[in-house]
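# Structural description and commentary
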Amino acid sequence: MKNFQLITAGIDIMPLLLAIKRRPGLWKADTYLRDYPQGPFAQIESIMLRFPEKAVLETEAELKDHLSKYDQHESIDHPAYAVLPEARRLVMGVMARVDGERLGRVMINKIAPGGLIYPHSDTPAHTAYYSRFHLVLQSQPGVVFRAGDESTYMATGELWWFDNSQEHEVINNSADDRIHMIIDVRTSK
């Protein structure tokens, strides 16, 4: 497979999964992805751990000033990252495993049974800069992850790289929630 690569399996995700289950309000704390107009994530819930700063700019001058200082690859820690130290340990393990130089977006996405992430491709600037990794926290057979002309099933405890420059989508045809931690890492190549 050229669009997917299994990195490792058998990662102990249970401490993080239990921590999330003890804090169900985290799923509702940030609805940015779900509410993004015409976005592909209308059917998911997310826990934002790291994400670029979101700014509400009302004038053209504010926009121009913001863009002059803006690093599109910079992500900041969100409150949930401090609340879930179990996530930080896993993220730092992934960084070490793939020889990461810079940590980007980190989020946990949940797709309910019958739900999906609509087909989309990530922006060329983002995909050229960061490698995208998925750490599977919960999944059952019946979840289909497609990138380009390839599809795969990712099992609980596995870490995968995939080519997010390709059009991709996820369909949860299983009877359980599909929960992945998405980690963007700048690698030393």
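Located above this text is the structure these notes cover.
Just so it is clear, the model here is predicted, and its values are computed rather than measured.

Our next topic: the pattern of salt bridges. All chains considered together, the criterion is met by nine salt bridges. Here Arg 88 makes a salt bridge to Asp 77, at a shortest N to O gap of 3.5 Å. On the criterion of sequence distance, the pair formed by Arg 88 in helix α5 (residues 85-97) and Asp 77 in strand β3 (residues 76-77) is long-range, its members being eleven residues apart. Under the relative-accessibility criterion, Asp 77 is labelled partly exposed at 41%. A salt bridge links Arg 146 to Glu 167; its shortest N-O distance comes to 2.8 Å. With Arg 146 in strand β7 (residues 143-147) and Glu 167 in the loop between β9 (159-162) and β10 (168-172), the pair connects residues that are 21 residues apart, well separated along the chain. For Arg 146, a relative accessible area of 16% gives the class buried. Each member of the salt-bridge network shares a partner with another, and the members are Lys 28, Glu 45 and Lys 110.

Turning our attention to the packing of helix α1 (residues 14-22) against α5. Two elements in contact, α1 and α5, have axes separated by 8 Å at closest approach and are oriented at 150°. By the angle between their directions, the pair α1 and α5 is classed as roughly antiparallel. When you trace α1 past α5, the crossing you get is left-handed. Mapping the contact onto sequence places Pro 15, Leu 16, Ala 19 and Arg 22 in α1 and Glu 86, Ala 87 and Leu 90 in α5. Residues of the contact of α1 with α5, tallied by class, amount to five nonpolar, no polar and two charged.

Taking strand neighbours across the sheet as the criterion, the four strands line up as β5-β10-β7-β8 in an open arrangement whose pairing is antiparallel. Only two strands of the sheet have a single neighbouring strand rather than two, namely β5 (116-120) and β8 (150-152). Adjacent strand axes in the sheet meet at a mean angle of 20° when their direction is disregarded. As paired strands, β5 and β10 are joined by three bridges and run antiparallel to one another.

Conventions we followed
Residues numbered from 1 in each chain as written. Predicted model: local features only at pLDDT ≥ 70, side-chain atom pairs only at ≥ 80, totals over all residues. Heavy atoms only, no water. Salt bridge = Lys/Arg side-chain N within 4 Å of Asp/Glu carboxyl O. Helix = DSSP H or I, 4+ residues; strand = E, 2+ residues; numbered from the N terminus. Buried < 20%, exposed > 50% of the residue type's maximum accessible area, 1.4 Å probe, protein only. Axes fitted to C-alpha atoms, helices over the stretch in contact; angles between N-to-C directions. Parallel < 35°, antiparallel > 145°, perpendicular 65-115°, else oblique. Left-handed = near helix turned anticlockwise from the far one by under 90°. Contact = heavy atoms within 4.5 Å. Nonpolar A, V, L, I, M, F, W, Y, C, P; charged D, E, K, R; others polar. Pairing = 2+ DSSP bridges.

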